[in-house]
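# Results of the structural survey
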Amino acid sequence: MREEVILLNNDGSPIGTADKAVIHTGDTPLHLAFSCWLFNEDGQLLLTRRALGKKTWPGVWTNSFCGHPAPGETPEEAVYRRAAFELGLQREAFASLELVLPNFQYRAVDASGVVENEICPVFVARLTADAQIQPNPDEVCESAWITPGGLSAAIEAAPFVFSPWLIEEASHEPLRAHLRR
């Protein structure tokens, strides 16, 4: 299945679309993505380990899920679509969804040389008490609920096991405020 991403100029304005499978190279153009951090009713954070078959950062632990808005789709709509695809969570499983880092941007290079170059709004979501995840094995090979303090300790002890965007997102105050709750 072909997945289109939205290409952006340096000020974040859309300039076109491209096939996701084609643009993720050693010279990936700037494009739109999103990141979402899921918390359960006990305040625990869902971490996922990227499937071993992923093109970039296979087997790396990261935030709950990420993705790319499709042309004509808002980042919020993309969050709900990818939550269903990656974790089996329907929109009703969300008690809340909040945009905490609207202008987050990063560039990172995978060990294979593939570059991520994204403007990546970051969301925090709270799940309902009865929400149950069902990870898609093509996207997620493991998942774990962790306390925010446990995440901070793990990042400090072993940053190399986490995605670069998780580490960078977690360093920004609006997200850190959620991690302190």
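Under an unreviewed UniProt entry, the protein chain has the name Isopentenyl-diphosphate Delta-isomerase and belongs to Corynebacterium riegelii.

### A look at the packing of aromatic side chains
Per the stated rule, a full pass over the model turns up five aromatic pairs. The interplanar angle of 85° and the centroid separation of 5.0 Å between the aromatic rings of tyrosine 80 and phenylalanine 94 together place this pair among those described as edge-to-face. Here phenylalanine 94 lies in strand S8 (residues 94-101) and tyrosine 80 lies in helix H2 (residues 75-87), a separation of 14 residues in the sequence. The class for phenylalanine 94 is buried, based on a relative accessible area of 10%. Put simply, the rings of Trp57, Phe104, Tyr106 and Trp165 touch in pairs and so form one group of aromatic residues.

### Things to note about the layout of surface pockets
Roughly 730 Å³ of volume is contained in the largest pocket. Taken together, 33 residues make up the lining of the largest pocket; nearest its centre are Glu3, Lys20, Lys54, Arg82 and Glu139. At the level of elements, helix H1 (20-23), strand S4 (34-39), strand S5 (45-50), strand S7 (65-67), H2 and strand S10 (115-119) are the ones that each hand at least two residues to the lining of the largest pocket. Here the lining of the largest pocket gets four residues from one element, more than from any other, and that element is H2. Per-class residue counts for the lining of the largest pocket are eleven nonpolar, eight polar and 14 charged.

### Remarks on the nonpolar core
Ranked by size, the top nonpolar core spans 26 residues in total, and within it Trp37, Leu45, Leu47, Leu151, Leu175 and Leu179 carry the most contacts. Elements with a contribution of two residues or more to this core: S4, S5, S8, strand S9 (105-109), strand S11 (122-127), helix H3 (148-157), helix H4 (164-170) and helix H5 (173-179). The element contributing the most residues to this core is H4, with three residues. Apart from the residues lying within four places of it in its own chain, the contact partners of leucine 47 are Trp61, Thr62, Asn63, Glu142, Ser143, Ala144, Ile146, Leu151, Phe162 and Leu166. Counting 18 residues, the second-largest nonpolar core is a separate cluster that includes Leu38, Phe123, Leu127 and Ala131.

Criteria and cut-off values
- Residues numbered from 1 in each chain as written.
- Predicted model: local features only at pLDDT ≥ 70, side-chain atom pairs only at ≥ 80, totals over all residues.
- Heavy atoms only, no water.
- Phe/Tyr/Trp six-rings, centres within 6.5 Å; stacked < 30°, edge-to-face > 60°.
- Helix = DSSP H or I, 4+ residues; strand = E, 2+ residues; numbered from the N terminus.
- Buried < 20%, exposed > 50% of the residue type's maximum accessible area, 1.4 Å probe, protein only.
- 1 Å grid on protein atoms, 1.4 Å probe; cavity = no way out; pocket = protein on both sides within 12 Å on 5 of 7 lines; lining within 4 Å.
- Points joined across faces, edges and corners; volume = space filled by probe spheres on them.
- Nonpolar A, V, L, I, M, F, W, Y, C, P; charged D, E, K, R; others polar.
- Core = buried A, V, L, I, M, F, W, Y, C linked by side-chain atoms within 4.5 Å.
- Contact = heavy atoms within 4.5 Å.

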